[in-house]
Each structure stands twice: as structure tokens, then as C-alpha cells.
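Topology and contacts: notes
Given next are the chains, with one letter for each unit.
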Amino acid sequence: MKRITVLGATGSIGLRTLELVSSFPDEFTVAALAARGSTVERLADLCRKYAPEVVAVLDPTVVDRLARLLGPGGPELLGGPDGLVTAAREVSADVVVSALVGGAGLLPTMAAIQAGRAVALANKETLVMAGELMTRAARERGVPLLPVDSEHSAVFQCLAGHNRGDVHRILLTASGGPFRELPKDALTRVTVQDALQHPTWKMGAKITIDSATLMNKGLEIIEARWLFDVAPEQVQVVVHPQSIVHSMVEYIDGSVIAQLGVADMGVPILYALTYPERRPAPAARLDLPAVGALTFFEPDVAKFPCLRLAREALERGGTAPVVLNAANEIAVAAFLEGRIGFTMIPEVIERVLGEDPGRPLVSLEHCVALDADARARAQRWIEARSGGPSR
Ligand code: NAD
Ligand code: MG
């Protein structure tokens, strides 16, 4: 039995992970669950179904409501950001699935690594913020960081059995998002509803907006740089609207190895949970004749400036990716709340990133402080531009 802790249990990745636990009852059991706590009833249902030992919720007021819903004999309940860290660090688990969204995942994910637990990493923002610190901590403790992001799971599989020194470059595929064919001028008029219509993947709101701006691919370039220890210029992006080829590795002899499959996060999640073994996945199988054609394009960096901004932040290194991520999180939240337009997302990021002097990132505490500062600056700039504080 593998004991699984799921950080972000009520989200898209968290729920898919728990479905896999249900599909393999003889292999997986749930150790702890963590979430924001905005959906108390759903969390209570998950507790009844999976019987975790510990449940951590960001919102401490949810603890009492959850305790009442579950009655005596339920899991130990923890509240607040420290509770999430405690759940990741103290509860014994074979794999911690890191599937919180955004910077909120940083400290719990680091706590899991520091406690020597294998991490199945979906929460790419944490690696963007603190890639060097996280990968160093993982190396020092011999902790595997197993990619859940479909592109990185693909790369991980394409690298298996090869010499790392023989890698020429990594080709991350991108669906191109819902606005791939929209003229650049029309981007100023897209609505939140338009941006939430992803062509191939059903995901949480934040990553869906990131996919529409192509910031998701920018974050994934940084994620790949750290997960696979390659130079920034060795990570390149190719647009592939069908989302069948999940990514590729090109070797020095010109061979390109690709991983293909249906667009179902169950596949990379299950591989991270069972690695290095495989299990028969309870998922649809790839039917290539039904797919017909696979097409590939260059990304349009002029139309999607987030891709350029992410690359710039990676090349500057140090504090820059922390600032990039923080400004993006604030801008995406403001867009989802209807406070700014779609094309203002990269404007906010460019502005806040431009103020960053670009210093080395020295510690986790430094990262947390810088993240808070960049968020506040992004928030102020948005308020100044949109005429007033958030509702
Ligand atoms: P989601 O919004 O569906 O779920 C997020 C989860 O995190 C929820 O359980 C929520 O309660 C919790 N959460 C959110 N904010 C929190 C906070 N401040 N403190 C504590 N908990 C908080 O998101 P998702 O789509 O499942 O994505 C999760 C992560 O996985 C993201 O980093 C995303 O980029 C990555 N990812 C997702 C997919 C996908 O298909 N959904 C694919 C690849 C990578
Ligand atoms: Mg991805």
C-alpha cells in the first residue's frame, strides 16, 4: 500500500488523483488531505470516502464546520497556512501530491521535501518561484520530484534510459489555447468566459487563463529548466493544437523521442504515483486514425507576450521568476474578477518585473518576502489603472 497525501484535494488535479486512489484500492490509501476550504461539503464527502488521518484547510473558520459535519472519530483537523505545512511534513506518506494552485503551495511542498517525502509535482508555480532551492533540497535528501504536468511527464518518459548528456533540446508542446487563431487586435475584447474555454483540457480557472495567455507555457519552460537541469535555451516550445504529442526530447544525433496519449491528466498522475512501474490506466486509449492529423506551429510571441516575459525572467534568474509569478497570479485574479482586460495581464507583469533589480534568491524566507512585495506592487498598479481597490 502506498500512502498518498493530496495537497489541493478539492481541485482538478486533486480530485483526479483521488479517483485513481478509488480505482486502485489495493495499492493506494490516503494519508492526509489539504485544501483552501471554500467547499466544505465537498471536503467532508472526501473525508467520508477516503478516511484521511489528517485534513488541513487554509481557512481556519472551516475547521469547526468540518468537525460538526464529520462528527466524532473523524480525521485530525488543522487550520491556517501552518496546518498545511504540518500536514505535508508530519503525516507519514510515500508520495505527496503537490496540487495546490500558485504560491500557496511553496511552503507545504518544501516541507514535504525537507521531510524526505517523494513529491508528485503539479504545482508548477512553486518550482518557478524557488526552482533552485527546491531541486537542491530534493537532491540533498535524495527525494524524487516526479512530474505531473503532462508535458513534463512526457519529457521524463522520453528521457528514461538515455544519457542526460546526449540531450540536445526539450520541445514542450502547447495547445495554443482558445485564442490561437484570433487576430492580435481582437484579444483586447475577449471575455473571462471566452478565456475559460480551453480547447483540449478541463482544468482549474487559474491555469486555464494561463493557457489562454500562454503564460502556462512560459511557466512550464522554467519548470522544465529545473526539473531536468537543462540550460534555458535548451527548452523550446512548439504549438500543437491536438494535444496528442505531450512533449519531445531531441538528442544530439537528431533523434526526436515523443510521448503521445489522450489528453487525460489521469495518465501522468498515475505514472507519478506508480513510477517506475506502470499500471493499466482506467482511461480512454489513443486512437490515431480517429485523430487523423497532427499539426505543429511556431508560437506567436508578439501576440502572446507572456511567453517572452517568462523567458526573460528565466534568463535573468534569481528574483525575477518570483516576481513574474507573483505579478501573474495577481493579474490573473484581477482578470477573473473582471477588474482588468485580458491584454492587461502581460502589461501588469511587464511593469512589475521591470522594477525588479534582479538579485540572487538567497533563501526561502527571501522568496516569501519578495513574493508578497511583488503581489502588493501588482495590486497597486492594477488599482491605479482600474480606478479603485478590489471589491
Ligand atoms: P484548482 O483550482 O482546480 O485546485 C486548486 C486546489 O488548491 C484546490 O483544492 C483549492 O482548495 C486549493 N487552493 C487554492 N488556493 C489555495 C490557497 N491559497 N491555500 C490553500 N489551498 C488552496 O487547480 P488545478 O487545476 O487542480 O491546478 C493545481 C496545480 O496543478 C496548479 O499549479 C496547476 O498549474 C497545476 N496543473 C494542473 C493541471 C490540470 O489539468 N488541472 C495540469 C497541469 C498542471
Ligand atoms: Mg502542462
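Residues numbered from 1 in each chain as written. Chains lettered and ligands numbered in written order. Predicted model: local features only at pLDDT ≥ 70, side-chain atom pairs only at ≥ 80, totals over all residues. Heavy atoms only, no water.

1. Notes on the sheet that holds strand β1 (residues 2-7)
Taken in spatial order, the 7 strands line up as β4-β3-β2-β1-β5-β6-β7 in an open sheet, and their pairing is parallel. Each end of this open sheet is capped by a strand with a single partner; those strands are β4 (76-79) and β7 (145-147). Across the sheet, the axes of successive neighbouring strands diverge by a mean angle of 20°, strand direction being ignored. In terms of strand pairing, β1 meets strand β2 (residues 28-35) through 6 bridges, oriented parallel. (Pairing = 2+ DSSP bridges. Helix = DSSP H or I, 4+ residues; strand = E, 2+ residues; numbered from the N terminus. Axes fitted to C-alpha atoms, helices over the stretch in contact; angles between N-to-C directions.)

2. A word on the site of ligand 1
In the vicinity of ligand 1 lie 23 residues, with Thr10, Ser12, Arg36, Glu125 and Gly204 positioned nearest. Between ligand 1 and Gly11 there is a distance of 3.1 Å, counted from an oxygen atom to a backbone nitrogen or oxygen. A distance of 2.9 Å is found between an oxygen atom of ligand 1 and a backbone nitrogen or oxygen belonging to Arg36. In the complex, the protein chains occlude 90% of the 830 Å² of accessible area that ligand 1 would expose alone. (Near = heavy atom within 4 Å. Polar contact = N/O pair within 3.5 Å; in protein donor to acceptor, adjacent residues only side chain to side chain. Areas by Shrake-Rupley, 256 points an atom, 1.4 Å probe, with all protein chains shown as cover.)

3. A closer look at the nonpolar core
Core analysis: the largest hydrophobic core is formed by 132 residues, its most contacted members being Ile113, Phe228, Leu324, Ile340, Phe342, Ile345 and Val348. If one sorts the elements of this core by residue count, helix α14 (residues 320-336) sits on top with 11 residues. Contacts of Phe228, omitting those with residues within four sequence positions, involve Pro147, His152, Val155, Phe156, Leu159, Arg164 and Ile170. (Core = buried A, V, L, I, M, F, W, Y, C linked by side-chain atoms within 4.5 Å. Buried < 20%, exposed > 50% of the residue type's maximum accessible area, 1.4 Å probe, protein only. Contact = heavy atoms within 4.5 Å.)

4. Quick notes on the coordination of the magnesium ion (ligand 2)
Coordination of the magnesium ion (ligand 2) by the protein is provided by Asp149 (OD), Glu151 (OE) and Glu220 (OE), with metal-donor distances spanning 2.1 to 2.2 Å. Within one chain, the residues donating to the magnesium ion (ligand 2) are spaced in sequence as D-x1-E-x68-E. A residue pair is termed long-range when its members are at least 10 positions apart, and Asp149 in the loop between β7 and α7 (150-159) and Glu220 in helix α10 (residues 215-227) qualify at 71 residues. A relative accessible area of 8% places Asp149 in the buried class. (Donors = N, O, S within 2.8 Å, 3.2 Å for Na, K, Ca; no water.)

5. Things to note about unusual backbone geometry
Here Tyr275 and Pro276 are connected by a cis peptide whose omega angle stands at 5°. Unusually for a residue other than glycine, Ala51 sits at a positive phi of about 45°. Note on placement: Ala51 falls in the loop between α2 (40-50) and β3 (54-57). Its identity as a non-glycine residue notwithstanding, Leu214 has a phi of 70°, on the positive side. Of note, Leu214 is situated in the loop between α9 (205-213) and α10. By relative accessible area, which is 4% here, Leu214 ends up buried.

Any functional reading would require information beyond the geometric quantities listed.
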